[in-house]
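Spelled out, the chains give:
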Amino acid sequence: MQTKRSYINGVNPEPQLLKEGAKWLQAGELVAFPTETVYGLGANALEDSSCAKIFAAKGRPQDNPLIVHVSNRAMANKLVEVWTPQAELCVRHFWPGPLTLVLPKTALVPNVVTAGLPNVAIRMPSHPVALGLIEETGLPIAAPSANLSGKPSPTSGSHVWRDMKGKIPLILDAGACSVGVESTVLDVSGGVPTILRPGGITLEQLELVLGEVRVDSPIEGQAPKAPGMKYRHYAPQGEMILLMGSHERVVRRLGQEVQRGHSRLKKVGILCTLESASSLHSLLPDLLFVLGSKDRPEEVASNLFEGLRLCDERGMDLILAEGIEEGGLGTAIMNRLQKAAGQRILYI
Ligand code: AMP
Ligand code: MG
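These figures come from a predicted structure and were not determined experimentally.

A.B. asks: Can you explain the state of the cysteines? Please cite residues and give values.
C.D. replies: Under the defined criterion, the tally for this structure stands at zero disulfides. Here Cys-177 is not disulfide-linked; the sulfur of Cys-311 is the nearest cysteine sulfur, at 19 Å. By relative accessible area, which is 6% here, Cys-177 ends up buried.

A.B. asks: Go over the site of ligand 1 with me, naming the residues and quoting the values.
C.D. replies: What surrounds ligand 1 is a group of 21 residues, the closest being Arg-60, Asn-64, Asn-119, Arg-197 and Gly-228. One of the side-chain N or O atoms of Arg-197 is found 2.7 Å from an oxygen atom in ligand 1. For ligand 1, whose free accessible area comes to 500 Å², the fraction covered by protein is 95%. It is strand E6 (residues 119-123) that provides the largest number of residues to the shell around ligand 1, a total of three residues.

A.B. asks: Which residues make up the sheet that holds strand E11 (residues 214-215), and what values go with them?
C.D. replies: Within a sheet, each strand pairs with its neighbour through backbone hydrogen bonds, oriented either parallel or antiparallel. Pairing within the open sheet is mixed, and its eleven strands lie in the order E1-E8-E2-E3-E7-E4-E6-E5-E9-E10-E11. Unpaired on one side and paired on the other, strand E1 (4-7) and E11 mark the two borders of the sheet. Both E1 and strand E8 (residues 170-173) contribute to a ladder of four bridges, which runs parallel. When the sheet's bridge partners are listed, Tyr-7 is paired in E8 with Asp-173.

A.B. asks: So what about helix H12 (residues 329-340)? Which residues, and what values?
C.D. replies: Over its twelve residues, H12 extends 17 Å from the first C-alpha to the last, a length consistent with the 16 Å expected when each residue adds 1.5 Å. Of all twelve residues that make up H12, ten are buried, and the element is covered over most of its length. What H12 keeps buried is the set Leu-329, Gly-330, Ala-332, Ile-333, Met-334, Asn-335, Arg-336, Leu-337, Lys-339 and Ala-340. Those residues of H12 that are buried are in contact with strand E10 (194-197), strand E12 (239-244), helix H11 (297-313) and strand E15 (318-322).

A.B. asks: Residues and numbers for the packing of helix H9 (residues 247-263) against helix H10 (residues 274-281), please.
C.D. replies: Where H9 meets H10, the axes come as close as 10 Å, and the angle between the chain directions of the two elements is 35°. Regarding H9 and H10, the two cross each other, and that crossing is right-handed. Of the residues in H10, those touching H9 at His-247, Val-251 and Leu-254 are Glu-275, Ser-276, Ser-279 and Leu-280. Residues belonging to the contact of H9 with H10 are distributed by class as follows: three nonpolar, three polar and one charged.

A.B. asks: An account of helix H6 (residues 128-137) is needed here, citing residue identities and associated values.
C.D. replies: Every buried residue of H6 is accounted for by Val-129, Ala-130, Gly-132, Leu-133, Ile-134 and Thr-137. Considering only its buried residues, H6 is in contact with helix H1 (15-26), strand E2 (31-33), strand E4 (67-69), helix H3 (73-77), strand E7 (141-142) and E8. One or two steps after H6, the chain reaches Gly-138, where phi turns positive at roughly 75°.

A.B. asks: Tell me what's going on with unusual backbone geometry, and back it up with residues and numbers.
C.D. replies: Cis geometry is found at the peptide bond from Trp-95 to Pro-96, where omega equals -10°. Following the sequence through the fold, Pro-96 ends up in the loop between helix H4 (85-94) and strand E5 (99-104). Positive phi, close to 55°, is recorded for Ala-115, a residue that is not glycine. One can find Ala-115 in the loop between helix H5 (111-114) and E6.

A.B. asks: Can you break down the pairing of E12 residue by residue, with the values?
C.D. replies: Among the six residues that make up E12, five are buried, leaving the element largely enclosed by the rest of the structure. In terms of strand pairing, E12 meets strand E16 (residues 345-347) through three bridges, oriented parallel. Bridged to Leu-243 within E16 is Leu-346.

Parameters and conventions
Residues numbered from 1 in each chain as written. Chains lettered and ligands numbered in written order. Predicted model: local features only at pLDDT ≥ 70, side-chain atom pairs only at ≥ 80, totals over all residues. Heavy atoms only, no water. Disulfide = S-S within 2.5 Å. Buried < 20%, exposed > 50% of the residue type's maximum accessible area, 1.4 Å probe, protein only. Near = heavy atom within 4 Å. Polar contact = N/O pair within 3.5 Å; in protein donor to acceptor, adjacent residues only side chain to side chain. Areas by Shrake-Rupley, 256 points an atom, 1.4 Å probe, with all protein chains shown as cover. Helix = DSSP H or I, 4+ residues; strand = E, 2+ residues; numbered from the N terminus. Pairing = 2+ DSSP bridges. Expected span 1.5 Å × (residues − 1). Contact = heavy atoms within 4.5 Å. Axes fitted to C-alpha atoms, helices over the stretch in contact; angles between N-to-C directions. Left-handed = near helix turned anticlockwise from the far one by under 90°. Nonpolar A, V, L, I, M, F, W, Y, C, P; charged D, E, K, R; others polar.

This is how it looks when you write it as structure tokens:
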């Protein structure tokens with residue numbers, strides 16, 4: 001299949017490009033489009049055969065359900081059976097934005113979207129292209145991240161192009177995404193609201209509005225409530241090690257690991273904070289990528305997937321990443337870094 005990449009204005013999207021995207025979606029095809037979190041791979045959420053194409057293009061496991069994106073409340077109402085008071089509060093405070101709500105689904109939502117679960121995950125994005133495209137299509141749009149399954153999420157049109165070229169008819173490219181990590185997935189279907197996946201809206205922000213909020217921590221051997229959380233995501237091709245500890249210790253250990261890697265003839269890449277960059281430069285790694293300041297996690301979040309993807313593109317065999325403090329957006333960032341590193345985490 002020939003893939004067209006159309007550059008679109010991220011602030012005032014050109015109406016004819018939104019119309020072109022809407023036509024493909026209405027015809028049951030896939031369109032990649034920017035959201036404020038990461039790029040989405042969209043399909044008509046009401047049609048089984050369209051959604052099935054998402055799983056095929058990504059190589060996504062069938063048991064990993066899709067987030068449905070809407071552009072207005074009336075559209076959301078058709079998909080949700082019961083709106084709990086907590087869900088209403090979330091809509092009022094955080095929509096449009098990077099918060100996905102898990103709520104009981106209506107019969108209109110196909111089982112392929114929820115992977116057979118009784119609840120649907122639903123979100124209203126704030127990106128003008130995403131909102132404009134959904135509005136123009138007039139349909140709810142199922143859209144996971146527009147990467148090949150297992151790879152880091154795409155935060156630019158170039159990332160999508162690399163993963164989806166030849167598999168879908170259209171990519172709407174509006175440049176870099178502002179948030180850079182995926183939405184927070186929050187179960188508000190009843191009882192205490194529970195975070196199933198940390199993301200763009202923090203636990204602290206949710207607590208201010210909702211009071212008590214739990215974080216789902218799956219018990220060993222039990223399936224997590226968000227099926228996608230069990231997969232090793234965001235993994236670069238090279239071996240990755242995440243280093244956690246005081247600044248001085250991490251910098252010293254990074255020096256040792258770079259030497260060890262080089263002595264085994266490996267290409268070594270480092271993902272680090274701005275604060276550590278000048279000390280690490282002299283280690284002569286094959287790639288030094290600055291994620292951002294440790295005091296500005298929003299900066300780290302927006303650069304994270306670019307850094308992971310660059311390591312692949314430049315053929316790094318060993319990737320050493322400096323951890324940042326948990327809390328706020330730091331929790332979502334560390335969740336992604338830990339998954340990217342698999343079990344290779346050094347506490348020093
Ligand atoms: P992605 O869109 O690829 O960033 O992933 C969506 C995330 O939301 C995955 O972790 C899914 O398992 C989770 N999710 C989607 N739908 C549901 C649902 N109905 N119930 C619980 N988790 C869901
Ligand atoms: Mg994803």
